[in-house]
There are 2 protein chains.
Amino acid sequence: MTEIVAQPMSIEAFALFGDVIDCAGDPDKIINQGKCGRYHDRAVMDFSDGHAGISLFRAEPRSFPYTLELLERHPYGSQAFVPMSEHGFLVIVAPDVGGKPGTPLAFLTEPGQAINFHRGTWHGVLTPLHAPGLFAVVDRIGDGANLEEVWLDQPVTITAPPS
Amino acid sequence: MTEIVAQPMSIEAFALFGDVIDCAGDPDKIINQGKCGRYHDRAVMDFSDGHAGISLFRAEPRSFPYTLELLERHPYGSQAFVPMSEHGFLVIVAPDVGGKPGTPLAFLTEPGQAINFHRGTWHGVLTPLHAPGLFAVVDRIGDGANLEEVWLDQPVTITAPPS
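Residues numbered from 1 in each chain as written. Chains lettered and ligands numbered in written order. Predicted model: local features only at pLDDT ≥ 70, side-chain atom pairs only at ≥ 80, totals over all residues. Heavy atoms only, no water.

**Topic: the interface of chain B and chain A**
Interfaces are often sized by the accessible area lost when the parts come together. Facing 49 residues of chain B, the contacting portion of chain A comprises 49 residues. Our count for the chain B to chain A interface comes out at 4 salt bridges. Among the secondary structure elements, those contributing two or more residues to the side of chain B that touches chain A are β5 (36-39), β6 (51-59), β7 (66-73), β8 (79-83) and β16 (134-141) of chain B. (Contact = heavy atoms within 4.5 Å. Salt bridge = Lys/Arg side-chain N within 4 Å of Asp/Glu carboxyl O. Helix = DSSP H or I, 4+ residues; strand = E, 2+ residues; numbered from the N terminus.)

**Quick notes on the nonpolar core**
Core analysis: the biggest nonpolar cluster contains 32 residues, and I54, L56 and V138 of chain A together with I54, L56 and V138 of chain B have the highest contact counts within it. Elements with a minimum of two residues in this core: β6 (51-59), β8 (79-83) and β16 (134-141) of chain A together with β6, β8 and β16 of chain B. The residues touching V138 of chain B, leaving out its near neighbours within four places in the chain, are I54 and V138 of chain A together with M45, F47, G53, I54, S78, Q79 and A80 of chain B. (Core = buried A, V, L, I, M, F, W, Y, C linked by side-chain atoms within 4.5 Å. Buried < 20%, exposed > 50% of the residue type's maximum accessible area, 1.4 Å probe, protein only.)

**Overview of the side chain of D22 of chain B**
Position of D22 of chain B relative to the elements: it lies in the loop between β3 (18-21) and β4 (29-31). Despite being buried, D22 of chain B has no salt bridge partner; R42 of chain B is the closest side chain of opposite charge, sitting 4.6 Å away. Once residues lying within four places of it in the same chain are set aside, the contact partners of D22 of chain B are L56 of chain A together with Y39, R42, G112 and Q113 of chain B. (Lys, Arg positive; Asp, Glu negative; His and termini not counted.)

**A word on the pattern of salt bridges**
For the structure shown, the criterion picks out 14 salt bridges over all chains. Between D139 of chain B and R38 of chain A there is a salt bridge whose closest N-O contact spans 2.8 Å. With D139 of chain B in strand β16 and R38 of chain A in strand β5 (residues 36-39), the pair connects residues from two separate chains. A relative accessible area of 6% means that D139 of chain B is categorised as buried. Across the salt bridge formed by R140 of chain B and D49 of chain B, the nearest N and O atoms sit 2.7 Å from each other. In this pair, R140 of chain B sits in strand β16 while D49 of chain B sits in the loop between β5 and β6, placing the two residues 91 residues apart along the sequence. Accessibility expressed as a relative area gives 6% for R140 of chain B, which makes it buried. Each of R73, D96 and E148 of chain A takes part in salt bridges that share partners, so that together they form one network.

Structure below.
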């Protein structure tokens, strides 16, 4: 079975797949009489012929080693995951190789980071590592079959990043 | 000085102003081989001639009693606040009375609740009550003056809900 080591989330390494939404750098604007920093418009969202919606996902926490069997993508829209807790979570993506997912990569976010998968990016299902596993999801609301799933011929084992 | 007691967040009482985004009721869909519940499309978003964006707000935590001096509204778009922590926060809104804010109401959310102000709703600035005061904000990205502010003639004191 293929084994992949999760790596700490990196804006650069993740850029091919999506956006890391965090407070890196200075705020773009200070608002509310100096009491709030705005880190402005940090994700490339695309809902094609649909529109943006906010849903909540409550997922069962997983643990390392994690067995990856399925990758999916949404051809008609981006999908952002915002953790409603102060825990990092596991993010799995894969490049597209001729319409199928290539070798996956796994990232472990820091607390305080959300992520956004660009439209059509192959990714694993939501994998929190801690309770409550609660996320706000900003994705496309609209008609049509906005889900493609691929079961892997061989499961991939994702192991924890070196501590 | 007028004093207002914050009330526990109520979907019904808040409905005139916006949406409570939480996991009330059964999930609309079970996904990911039974491991995740999707609470689908829980906010009425409206970005007029702009589009949806995700920004992060990092705000200084406040405490009770809180002195409200300013209300604001966004004429061209809704604005959702998703706490990236497991803490409730203070939400202040006011009805519109002839183009100015009327008597404000204050709500204290439960952990695990996000909120969405409908387009044009008078509201107070972001008021977390706990560190880290970190929120994902889904609001309108676009041109034009999307902010109206009104300083109150008399500040309003918001006190904690009865425990």
